[in-house]
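Here are the chains, one letter per residue:
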Amino acid sequence: MTRHFAALATAGLLLAQSNSGVAIRGFGPEGSRAEHDRETQAKAIPDSSRVRAFAKRMSARPHAAGSAQSKAVASYILGQLKEWGLDASIESFDPLLPYPTARTLEMLAPVRFTAQLREPVVGVDKDSGESGQLHTYNAYSASGNVTAPLVYANYGLPADYDYLKQQNIDVKGKIVITRYGKSWRGVKPKLAQEHGAVACLIYSDPHEDGFFQGDVYPKGPFRPPQGVQRGSVVDMPLYPGDPLTPGWASQAGAKRLSRADARSLLKIPVLPISYADAKPLLENLGGPVVPEAWRGALPITYHAGAGPAVVHLKLDFDWTNKPIHNVLARIPGSVYPDEWIVWGNHHDAWVNGASDPVSGAAALLEAAHALSAMLQRGWKPKRSIVIAFWDGEEFGLLGSTEWAELHQAELEKKLAVYINSDSNSKGTLGGSGSHALEQFVSEVARDLDDPVSGKSLLEARKARPSRGTRAADPSGEFRLGPLGAGSDYVAFIDHIGVSSLNLSFGGEGGGGVYHSIYDSYYWYTHFADTDFAYGRALAQVMTVSLMRLADAPILPYEFGSLARTVRGYADEIQKQAAKSVDLRDVYSQLGRLEANAHNYDEALTAIEKRLPQVAPEKLAKVNETLYRSERVLLNSKGLPGRDWYRHQLYAPGLYTGYGAKTLPGIREAVEGSRWDEANQQARHVTNALRRLNAQVEEATRLLRALED
């Protein structure tokens, strides 16, 4: 053994010894020591060079859902999993996947201009010239051929239309142009349609996504003038998945709605464009000069219109169903085979997708490799583990939603926890999800190291506060955000009621090549996780998280964080609604939950001391009660106007899309001043919390019975 490897071995031994006495929730003292020993072995396996190799291979060609190359990526993943001895298979579905067949955008007056609608090749980036690239478009736009005056609507949000109305600018019969930002892209054409517009253009303003932020690609990471953000505009806040099969799986022979009856499909055409193509349109608008908050970074005076710019837009699509291919690997549980832990990351991309999604998919593939190595060393997880690579995510969470709808009855019974990842970059570990799992994530972050500082991931958040939700909490605690609709967790938490998480690294650096041809291996290795150190770190997070959840004698639910967080949501609504909404019963149930959380923790602490003496079969009912605690937060009738979404604590906002609305039934009614509806929804939340309290009380009773 060389001195170098001897030093590494000594460091690993010291790390194992330093962690061995740290308690892991649900394991007890003896179990925690054994788990730390297993994890010390497991987290040494992920290797950044393998993550790099996986990422380079999967991002080598454009591989949009429904394409032959997407199937090839699925086959590559399947081959790797099988090579490592895992039980892996492909499960396919057949959703509506329209590709563009006609795209024309031109200005007819006051001057003529024809938009390029094309992203140019960058010489240093060979992937930018690949064949097989999907043209720039918004999936599930309506076909259309319209000519109308143009109106600028800022970000295309409700407040923006309120301003236009105050200025006596009517968008009815007009083409609306909005900029990306502030909300999910699908909200922008949805609101344009609701206000009577005949079409919508969405452009990337350099203020948010270009030279205003920094050097543009290839000199820097930001979006160049002709860069375009592709993306779906299906109305996911109504329901995700195949628009023609809401609530059931899109398989051969399945019943399908007509496109006219599919509520999630737009009725107007919508097209994404670059800021180079947007500039001539915007600089030919008249009408009032817009407020400062509406102004981007283009070298023009921003006017609202309408006109004198008159625009002609023609779009058409093939409107065909195409196959998508999920790849799933299953590791059977040795004690609780019918309790499942699933981690998923999608593999389809709009083009090459080195960042979105390959950076996360490569880490998950490396985590699968690490788990297979642990199996070869004799480890056998107590619960079953499923590793999923979803297809069709970019079009509207298709692969995960169709799989969840097909297997819903089995998943309702067996799926304990779902964890998701997507794009990964450099920075701190951040996440959103079910707040009963907040302490679990915090403990994982406590026990893994940041690849730059060497501190724990938890300590690194304090030492390196970064942008957005990843900023460190002053207390040093790990806080989860609420889940909206940004990735493949949606069907699991919102429709089935599975406790879910979405985890990744990020917050440092920047870039603006999202959903463009420039999201390539060259861009990623120059401007993101350049040495794949955080790809390795994410693989370690995946490996440790899956092992802990699979092996915990008692699943690591903690309800105090949930009670505290929901109380904060209620306080926000109460402040906004004043005396118009009665939340007294909600607060009463939250007070009861706080007490029950304390009682449960006392019972857990007591039983953890003697877990080795408790037969595993006696814990099965406790664990089922725990993971069903998320199920009881569903309302079978769903949220107002969108019955597919059933969770009473979290949902994507009708007009925020990716962004979450917490206590959504109450909050959105309050925002619309629908007071009777808000009070009705408060009763639904009260009942959900009452059911949750009953679950926690039952789990406490079951634990105390084990002490006898």
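Everything below is about the structure shown above.
Residues numbered from 1 in each chain as written. Predicted model: local features only at pLDDT ≥ 70, side-chain atom pairs only at ≥ 80, totals over all residues. Heavy atoms only, no water.

Trainee: Please give an account of the pattern of salt bridges that cites residues and values.
Mentor: A full pass over the atoms with the stated rule returns 33 salt bridges. In this structure, Glu-410 engages Lys-414 in a salt bridge whose closest nitrogen and oxygen atoms are separated by 2.9 Å. Here the residue Glu-410 and the residue Lys-414 both occupy positions in helix 12 (residues 408-414), the gap between them amounting to 4 residues, near one helical turn. Residues Glu-438 and Arg-564 are paired through a salt bridge, measuring 2.8 Å at the closest nitrogen-oxygen approach. You can see Glu-438 sitting in helix 13 (residues 438-446) and its partner Arg-564 sitting in helix 18 (residues 559-577), a full 126 residues away along the chain. For Arg-564, a relative accessible area of 37% corresponds to the partly exposed category. Via salt bridges that share partners, Glu-39, Arg-446, Asp-447 and Arg-548 belong to a single interconnected network. (Salt bridge = Lys/Arg side-chain N within 4 Å of Asp/Glu carboxyl O. Helix = DSSP H or I, 4+ residues; strand = E, 2+ residues; numbered from the N terminus. Buried < 20%, exposed > 50% of the residue type's maximum accessible area, 1.4 Å probe, protein only.)

Trainee: Summarise the packing of aromatic side chains; cite the residues concerned and give the values.
Mentor: For any pair of aromatic rings, the description consists of the separation of the ring centres together with the inter-plane angle of the planes. In the structure shown here, the tally under the stated rule is 26 aromatic pairs. Considering the side-chain rings of Phe-211 and Tyr-275, the 5.8 Å spacing of their centres and the 80° angle between planes classify their relative orientation as edge-to-face. A residue pair is termed long-range when its members are at least 10 positions apart, and Phe-211 in the loop between helix 7 (206-209) and strand 8 (231-232) and Tyr-275 in helix 8 (residues 275-282) qualify at 64 residues. If you follow Lys-190 out to its NZ or CZ, it ends over the ring of Tyr-655, 4.8 Å from the centre. (Phe/Tyr/Trp six-rings, centres within 6.5 Å; stacked < 30°, edge-to-face > 60°. Lys NZ or Arg CZ within 6 Å of the ring centre and 35° of its normal.)

Trainee: If you had to explain the environment of Glu-698 to someone new, which residues and values would you point to?
Mentor: Within the fold, Glu-698 resides in helix 22 (residues 675-706). Of the residues examined, Glu-698 reaches a relative accessible area of 25% and is grouped as partly exposed. Remark: the alpha-carbon pair of Glu-698 and Asp-277, spanning 421 residues in sequence, is separated by 61 Å.

Trainee: So what's going on with the sheet that holds strand 7 (residues 199-203)? Residues and values would help.
Mentor: Taken in spatial order, the 7 strands of this open sheet run 3-2-10-5-6-7-9, and their pairing is mixed. With partners counted over all chains shown, the strands left at the sheet margins are strand 3 (113-114) and strand 9 (270-273), one partner each. The pairing of strand 2 (residues 100-109) with strand 10 (residues 305-317) spans 8 bridges and is classified as antiparallel. Within strand 10, the position partnered with Arg-103 by the bridge is Leu-315. (Pairing = 2+ DSSP bridges.)

Trainee: An account of empty space enclosed by the protein is needed here, citing residue identities and associated values.
Mentor: Within this structure, the stated rule accounts for 1 cavity of 30 Å³ or more. What lines the largest cavity is Ser-434, His-435, Ala-436, Phe-559, Leu-562, Ser-629, Glu-630, Leu-633, Tyr-650 and Leu-692. Here the residues of the lining of the largest cavity are counted per class, giving 6 nonpolar, 3 polar and 1 charged. (1 Å grid on protein atoms, 1.4 Å probe; cavity = no way out; pocket = protein on both sides within 12 Å on 5 of 7 lines; lining within 4 Å. Points joined across faces, edges and corners; volume = space filled by probe spheres on them. Nonpolar A, V, L, I, M, F, W, Y, C, P; charged D, E, K, R; others polar.)

Trainee: Tell me what's going on with the nonpolar core, and back it up with residues and numbers.
Mentor: In this structure, Leu-81 and Phe-559 are the most contacted members of the largest nonpolar core, which totals 224 residues. No other element matches helix 9 (residues 354-376), which puts 13 residues into this core. Other than its neighbours up to four places away in sequence, Phe-559 contacts Ala-436, Leu-593, Ala-597, Tyr-600, Leu-626, Ser-629, Leu-692 and Val-696. (Core = buried A, V, L, I, M, F, W, Y, C linked by side-chain atoms within 4.5 Å. Contact = heavy atoms within 4.5 Å.)

Trainee: Help me get a handle on the sheet that holds strand 14 (residues 415-420), residues and values and all.
Mentor: Spatially, 1-11-13-12-14-16-15 is the arrangement adopted by the 7 strands of the open sheet, whose pairing is mixed. Every interior strand has two partners, whereas the edge strands, strand 1 (87-93) and strand 15 (427-433), have only one. In this sheet, neighbouring strand axes are inclined to one another by 20° on average, regardless of whether the strands run parallel or antiparallel. By the bridge criterion, 4 bridges tie strand 14 to strand 16 (residues 499-507) in an arrangement that is parallel. In the sheet register, Ile-419 faces strand 16, and the bridge partner there is Leu-501. (Axes fitted to C-alpha atoms, helices over the stretch in contact; angles between N-to-C directions.)

Trainee: Break down the environment of Glu-477 for me, citing the residues and quoting the values.
Mentor: Relative to the elements of secondary structure, Glu-477 occurs in the loop between helix 14 (457-463) and helix 15 (490-496). Accessibility expressed as a relative area gives 39% for Glu-477, which makes it partly exposed. Expressed as a C-alpha distance, the spacing of Glu-477 and Gly-85, which sit 392 residues apart in the sequence, is 39 Å.

Purely geometric numbers; function is a separate question.
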